[in-house]
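Here is what each chain is made of, one letter per residue.
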Protein chains: 2
Amino acid sequence: MRTSSNAPASPQPAQAAREIITRHGGRVTRTRVAVVEALQGSTQPLSHEELGAALAAIDIPHDRVTLYRALDWLVEQGIARRIAGSDRAWRFEMVRPHSHRHAHFHCDRCGQVICLEGLQPSSRVNLPDGFHLDRAELVLHGACATCGIQGLTPETTDED
Amino acid sequence: MRTSSNAPASPQPAQAAREIITRHGGRVTRTRVAVVEALQGSTQPLSHEELGAALAAIDIPHDRVTLYRALDWLVEQGIARRIAGSDRAWRFEMVRPHSHRHAHFHCDRCGQVICLEGLQPSSRVNLPDGFHLDRAELVLHGACATCGIQGLTPETTDED
DNA sequence: ACGCTAATGCTACAATGTTGCAATACCAAT
DNA sequence: ATTGGTATTGCAACATTGTAGCATTAGCGT
């Protein structure tokens, strides 16, 4: 609801999205193209709600289920990545080569998730036996600049 | 549903829980005592479902709402901490002095969350202007020993 | 242009979490 | 120990997020 990258009427950039979809053996549909474009146009993970708004903005009649399934497919194909927000809503981001490992900032006020490129979790960890590690993610909790209020989370009393 | 620390019939240990609750100016109720005990008795974050099972096991008639509110209060008081699981269910753990910063392993199969003491996220991060950091959490994604299957998440193709 | 089938778009449903309010039980004062 | 005020509970109803089934639509190869 803050992303202003809703490709207004640009049929050309859509090619990149179409190609990605085709390369993965999927059918190029309005929904998928629009979702990929929205994801590509945003530097931050987007929720279903935000994606839905993006689709509505470019006049694509869709319902929640279709969006869910388009996203599911993208995740399945390794095109997008799903991350859990501070609220219990999924957010999605493109899997970009240079962003394999980066941190996410979760605003505990508005629930927004923000990518922090350049931050890498320390990857040297030893898991218990039988555990398989897929990826590590550094999650920072706090308040984003917009919410900016402090002292609302009494459960964290250490400031180190 | 896997925690076997359901204080069967031990009225004594309950004292510790009662004291914690009293110290925070709350009324000592069956539900709160049982929840605190369950949380204290577990080394891993527990979901509402698991907590509910624990309460049922010691014959405390409760409903979901009561449990939710007891948990809310504990989090408000800084007694417990709420963390978002890989599924969209909250998990809770006691806020222990020596566990302020530790990693969480999320099994993407069963959704279970496991604490990994001894692991600390690198805390030196520089956030954008206006951002306020409450706490950092290192989240590891993968499969736990029980699920143990690999290759189910095509979105992660790097194994470094 | 045609046909096969993936993908959509309904509707209905499941799981998780929240709100309002009357009844209950905790705790303190008598 | 009884009583009373009020924090908590417990119920019912609702909100949000995500899923399942299935008939219809639309991609894409022929």
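Quick note: structure is the one above.
Parameters at a glance
Residues numbered from 1 in each chain as written. Chains lettered and ligands numbered in written order. Predicted model: local features only at pLDDT ≥ 70, side-chain atom pairs only at ≥ 80, totals over all residues. Heavy atoms only, no water. Pairing = 2+ DSSP bridges. Helix = DSSP H or I, 4+ residues; strand = E, 2+ residues; numbered from the N terminus. Axes fitted to C-alpha atoms, helices over the stretch in contact; angles between N-to-C directions. Buried < 20%, exposed > 50% of the residue type's maximum accessible area, 1.4 Å probe, protein only. Left-handed = near helix turned anticlockwise from the far one by under 90°. Contact = heavy atoms within 4.5 Å. Nonpolar A, V, L, I, M, F, W, Y, C, P; charged D, E, K, R; others polar. Near = heavy atom within 4 Å. Polar contact = N/O pair within 3.5 Å; in protein donor to acceptor, adjacent residues only side chain to side chain.

Draft legend 1. Main features of the sheet that holds strand β5 (residues 113–116) of chain B. Spatially, the 6 strands line up as an open sheet ordered β5(A)-β4(A)-β6(A)-β6(B)-β4(B)-β5(B), and their pairing is mixed. This sheet does not close on itself; its edge strands, each paired only once, are β5 (113–116) of chain A together with β5 of chain B. Neighbour-to-neighbour, the strand axes of this sheet turn through a mean angle of 30 degrees, independent of strand direction. Judged from the 4 bridges that link them, strand β4 (residues 103–107) of chain B and β5(B) form a sheet pairing that is antiparallel. Across the sheet, residue Phe105(B) finds its bridge partner in β5(B), namely Ile114(B).

Draft legend 2. Quick look at the pairing of strand β3 (residues 90–94) of chain A. All names here are of chain A. Of all 5 residues in β3, 4 are buried; the element is thus mostly enclosed. Sheet topology note: the strand β1 (residues 46–47)/β3 ladder contains 2 bridges and is antiparallel. Bridge pairing in β3 places Leu46 opposite Phe92. Relative to β3, strand β2 (residues 80–84) is paired through 5 bridges, and the arrangement is antiparallel. Its bridge partner lying in β3, Ala84 is registered against Trp90. Where β2 folds back on β3, the antiparallel hairpin that results is connected by 5 residues.

Draft legend 3. Just the packing of helix α2 (residues 30–41) of chain A against helix α3 (residues 48–57) of chain A, in detail. Residue and element names in this part refer to chain A. Here α2 crosses α3 at 115 degrees, and the two axes come no closer than 10 Å. Along this stretch, α2 crosses α3, giving a crossing that reads as right-handed. Contacts from Thr31, Ala34, Val35, Ala38 and Leu39 in α2 reach Leu51, Ala54 and Leu55 in α3. Counted by class, the contact of α2 with α3 contains 7 nonpolar, 1 polar and no charged residues.

Draft legend 4. Looking closely at the sheet that holds β1(A). Residue and element names in this part refer to chain A. Pairing within the open sheet is antiparallel, and its 3 strands lie in the order β1-β3-β2. Every other strand in the sheet has two partners, leaving β1 and β2 as the edge strands with one partner each. Strands β1, β2 and β3 of the sheet are contacted by α2, whose axis makes an angle of about 80 degrees with β3.

Draft legend 5. How the structure looks around the protein's contact with DNA strand C. In the region of DNA strand C, 23 residues are neighbours, and Arg32(A), Arg69(A), Val28(B), Arg64(B) and Trp90(B) sit closest. Taking the atoms of DNA strand C that fall within 4 Å of the protein, sugar and phosphate contribute 54% of them. Within the side chain of Arg69(B), an N or O atom sits 3.0 Å from a base oxygen of DNA strand C. A distance of 2.6 Å separates a phosphate oxygen of DNA strand C from a polar atom in the backbone of Trp90(B). Mapped by element, the contributors of at least two residues to the surface near DNA strand C are α2 and α4 (64–76) of chain A together with α4 (64–76) of chain B. Take the surface near DNA strand C: its biggest share by element is 4 residues, from α4(B). Taken together, the residues of the surface near DNA strand C sort by class into 7 nonpolar, 6 polar and 10 charged.

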